Amino acid sequence: MKRIFFKYSVCLLLLMGCSNVLEEEIVSGITADTFYIDANGMEGAVTSAYAELKSHYGTLLGIALLKSGTDLYGAARSGRTRPEHNYDGTHNSAHQSFAQAWRVYYKGINICNTIISRAPEVVTDGDQLSRILAEARFLRAFNYFQLVQNFGDVHLTTEETVTAEIEANRTPASEIYDSVIIPDIEFAAANLPISADVGRATQAAAKVIRARIAMVLEDWSTAETLTKSIINDYSFSLTDSYAELWDMNNESNSETIWSIPFSQDPLISGRNRENDLFTPWYTKHPGLVSNPKDGGTWVAFKPTPYFYGLWDKSKDRRFWEGLKSVWRVQNEATAQNGLKIGDTALYYSIDVLTAEYKASKPYVIYDVNDLIADDSAWPQPTKIRDDSRENFGTNPSRDLVLQRLADMYLVLCEAQFHQGKISEAVETMNVLRRKRAVDGKESDMEITATELTLDFILDERGRELFAEGRRWFVLKRLGKLVERVKLYNHYGGQNHIKDFHMLRPIPLEQIERTNNVYPQNPGYN
């Protein structure tokens, strides 16, 4: 069972957001000067900084920004994420996904700035103070890292904001790395606990962020050292099966390093909408009805032909355990050909099938060409399914995993590859691939030095981490975002993406609310 610490809200007027504290009452009408007066107030502020992330992660706009516009997924029938997928005229500074991210990250930063400035004055226990400051600096580093990756040069402040600010700067991203992000995350790695409740930062979680920073800065040696530490110095281990990763009764499994926990409890903020956005329009077929376990049909993320070409089903268990291809009859009254409850009603195949084969089956069957042609049909990622929901009125509660061990193997492999340590990189890759093999196919999953290329590493990241929100950042980091969207995203993105899309637009509301000139990123109006 997961222990969740986000519960019950306190409105912090000066921080312009709602925080969650571990008290079973709703408190209002407070200010920072009356609340942040002791250690309990500081603990509440830390909880508030974590909870602020749920105003972005798991939301429609947040998922659209994090997981759209790559070579793996494109815009689908509903159009809910079309601006982020297609890079067309609607991908502009007025679009709300950019504004929401900007607001959430800066709210989180302001909460952290408040903690960092006030906690030393009111927390008397040295160990508690060290941990509170480490959590605040971890989250400040995380928020600034997200801002500079998305927007480039941004406003830098390390002071608590208590009134509306109408002046803002654009500090070079390099300066933000050097003066805040790296010092903060290194302080966090040195002072955070080894283990913590689900959702809270740990030493390993800080090292993951530091390793990702090192990859952005092309500091391959540092990335190698950090990922080896994460793999070898803690109790994490690769799961025995891929399915085990997505079991909702085991969300805090041996691979999970840091996640954002969600709950069905209506008093706990946030809901994870991935189950709705990544679900195909299954209900249009005979015998199937909308149900919360399969997800709402928001029909927003359609796999690209490149995605379908990644899989060798004969040896890679991630296909069988990571994608739902079969839907079974739920309503006999609307089923075709006399099918009964539990019979196959719909099958999505990634193979090329003959018309005769498809006609021989009593159920609806798509082959890969049908899937590519239909903007509402695809295998559903099991990693976004929420099998715990009994009705649509219940909050979706699957945790949103931000860091897990398999990604660290892939980062280590790439860091070794860039340093010319090819034999070591091959073995790192093969450790992961053997774990993801169909039983008895472990040796078949191994690769050789001649097979290991940067494109192969990207392919493997696609197989392992699809739909997890890392792809855009990795392609941007490698300078391959434009190239691969043009090459593989056949659903609109390839027609519009330009080099300037390597950065998001500065939100219009930021520009309009600033008295001084706040420059827009090149290419955007």
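For every chain, the first residue of the written sequence is number 1, and numbering continues from 1 along that sequence. Per-residue local features are limited, in this predicted model, to residues with pLDDT of at least 70; the limit for side-chain atom pairs, both in listing and counting, is 80 or more; totals at the level of whole chains, interfaces and linings are taken over all residues. With hydrogens and water set aside, each side-chain value is computed from the structure's full complement of heavy atoms.

Colleague: Explain the packing of helix α5 (residues 96-122) against helix α6 (residues 126-151) here, please?
Modeller: Simply put, an axis is a line fit to the C-alpha atoms, just over the touching stretch for a helix, and the angle between two N-to-C directions goes from 0 to 180 degrees. Every helix listed is a DSSP run of H or I at least four residues long, and every strand listed is a run of E at least two residues long, numbered separately from the N terminus. Remark: α5 packs on α6, axes separated minimally by 9 Å, with the N-to-C direction vectors making an angle of 155°. As summarised for this structure, α5 and α6 are arranged roughly antiparallel, according to the angle between their axes. Seen along the crossing, α5 lies across α6 with a hand that is left-handed. Gly is put with the polar residues, along with every residue not named as nonpolar or charged; the nonpolar set is Ala, Val, Leu, Ile, Met, Phe, Trp, Tyr, Cys and Pro, and the charged set is Asp, Glu, Lys and Arg. Per-class residue counts for the contact of α5 with α6 are 19 nonpolar, four polar and two charged. Angles below 35 degrees are treated as roughly parallel, those above 145 as roughly antiparallel, those between 65 and 115 as roughly perpendicular, and all remaining angles as oblique. Whether a crossing is left-handed or right-handed is set by the direction in which the near helix is turned from the far one by less than a right angle, anticlockwise for left-handed and clockwise for right-handed.

Colleague: Just to check I follow, could you spell out unusual backbone geometry for this structure?
Modeller: Leaving glycine aside, a negative phi is the common case for residues, and trans is the common case for peptide bonds. In this structure, Tyr-87 is a non-glycine residue whose phi angle is positive, near 55°. Positionally, Tyr-87 belongs in the loop between α4 (82-86) and α5. Its identity as a non-glycine residue notwithstanding, Val-299 has a phi of 50°, on the positive side. Tracing the sequence through the fold places Val-299 in the loop between α10 (274-277) and β6 (301-303). Summary of the burial criterion: residues with accessible area below 20% of their type's maximum are buried, those above 50% are exposed, and those between are partly exposed, where the area comes from a 1.4 Å probe applied to protein chains only. On the basis of relative accessibility, which here comes to 5%, the residue Val-299 falls in the buried class.

Colleague: Teacher, can you tell me more about the pairing of strand β9 (residues 344-348) here?
Modeller: Residues in a regular strand point their side chains to alternate faces of the sheet. With respect to burial, β9 is a largely interior element, four of its five residues being buried. Between any two strands, at least two bridges found by DSSP are needed for them to pair. Pairing of strand β8 (residues 326-328) with β9, which is carried by three bridges, proceeds in the antiparallel orientation. Following the sheet pairing, Trp-327 is matched in β9 by Leu-346. Direction of pairing for β9 relative to strand β10 (residues 364-366): parallel, over a ladder of three bridges. By the bridge assignment, Tyr-347 is partnered in β10 with Ile-365.

Colleague: Please clarify how the packing of helix α15 (residues 405-418) against helix α16 (residues 422-435) should be interpreted in this entry.
Modeller: The relative placement of two packed helices is expressed as an angle between their axes plus a distance between the axes. As a packed pair, α15 and α16 sit with axes 8 Å apart at the nearest point and diverge in direction by 165°. Regarding the angle of α15 to α16, the classification is roughly antiparallel. With respect to the hand of their crossing, α15 and α16 are arranged in left-handed fashion. In this structure, α15 contributes Ala-406, Tyr-409, Leu-410, Leu-412, Cys-413, Gln-416 and Phe-417 to the contact, and α16 contributes Ile-422, Glu-424, Ala-425, Thr-428, Met-429, Val-431 and Leu-432. Working rule for contacts: check all heavy atoms of both residues, and any pair within 4.5 Å makes them a contact.

Colleague: What exactly am I supposed to notice about the packing of aromatic side chains here?
Modeller: The pairing test for Phe, Tyr and Trp rings, Trp by its six-membered ring, is centres within 6.5 Å, and the orientation test on the planes gives stacked under 30 degrees, edge-to-face over 60, and tilted for anything in between. This structure, assessed with the given rule, holds 28 aromatic pairs. Ring centres of Phe-307 and Trp-311 lie 5.8 Å apart, and the angle between their planes is 75°; on these two criteria the pair is classed as edge-to-face. Of the two residues, Phe-307 and Trp-311, both sit in the buried class. Summarising the aromatic geometry, the rings of Trp-311 and Phe-466 are spaced 5.8 Å apart at their centres and angled 90° between planes, so their arrangement reads as edge-to-face. Note that Trp-311 is positioned in the loop between α11 (305-308) and α12 (317-322) and Phe-466 in the loop between α18 (454-465) and α19 (471-477), a separation of 155 residues in sequence. Comparing Trp-311 with Phe-466, the two get one shared label, buried. Pairwise contacts between aromatic rings join Tyr-73, Phe-278, Phe-301, Phe-307, Tyr-308, Trp-311, Phe-319, Trp-320 and Phe-466 into one cluster. As a reminder, the over-ring test applies to NZ of lysine and CZ of arginine, requiring each to be within 6 Å of the ring centre and within 35 degrees of the ring normal. Above the plane of the ring of Phe-456 lies Arg-463, whose end atom (NZ or CZ) is 5.4 Å from the centre. Just above the ring of Trp-472 sits the side chain of Arg-504; from NZ or CZ to the centre is 3.6 Å.

Colleague: What should I look at first to understand the side chain of Asn-86 in this one?
Modeller: Relative to the elements of secondary structure, Asn-86 occurs in helix α4. Those residues in contact with Asn-86, other than ones at most four positions away along the chain, are Ala-75, Tyr-491, Gly-492, Gly-493 and His-496.

Colleague: Honestly, the environment of Asp-316 in this entry has me stumped. Any pointers?
Modeller: Following the sequence through the fold, Asp-316 ends up in the loop between α11 and α12. The class of Asp-316 is buried, set by a relative accessible area of 2%. For Asp-316, the contacting residues outside a window of four places in its chain are Trp-311, Arg-436, Val-438, Met-445 and Arg-463.

Colleague: It is not clear to me how the sheet that holds β9 should be interpreted in this structure. Could you clarify?
Modeller: The three strands lie next to each other as β8-β9-β10, forming an open sheet whose pairing is mixed. Either end of the sheet is taken by a strand with one partner, and the two such strands are β8 and β10. Averaged over all neighbouring strand pairs, the angle between strand axes comes to 10°, with direction disregarded.

Colleague: Would you mind going over empty space enclosed by the protein with me for this structure?
Modeller: To locate leftover empty space, one rolls a probe as large as a water molecule over the atoms. Put plainly, a pocket is an open set of points on a 1 Å grid over the protein atoms alone with protein on both sides within 12 Å along at least five of seven lines, a cavity is a set where a 1.4 Å probe fits but cannot get out, and a lining residue has an atom within 4 Å of a point. Grid points are joined across faces, edges and corners, and a volume is the space filled by probe spheres set on the points. Following the criterion strictly, the structure yields five cavities of 30 Å³ or more and no others. Quantified by volume, the largest cavity comes out at close to 240 Å³. The wall of the largest cavity is formed by 20 residues, among which Arg-212, Leu-402, Glu-468, Gly-469 and Arg-470 lie closest to the centre. Taken together, the elements giving at least two residues each to the lining of the largest cavity come down to α3 (60-67), α6, α8 (203-216) and β12 (400-404). Among the elements that make up the lining of the largest cavity, the one with the highest residue count is β12 (five residues).

Colleague: Is there a simple way to explain the confidence of the model for the chain in this structure?
Modeller: Low pLDDT means the predicted atomic positions in that stretch should not be read closely. Residue-level confidence of the predictor is summarised by pLDDT, bounded by 0 at the bottom and 100 at the top. When pLDDT is averaged along the chain, the result is 93; 94% of the residues meet or exceed 70. Counting interchain partners and residues more than four positions distant, the pLDDT-below-50 stretch residues 1-29 has 84 contacts.

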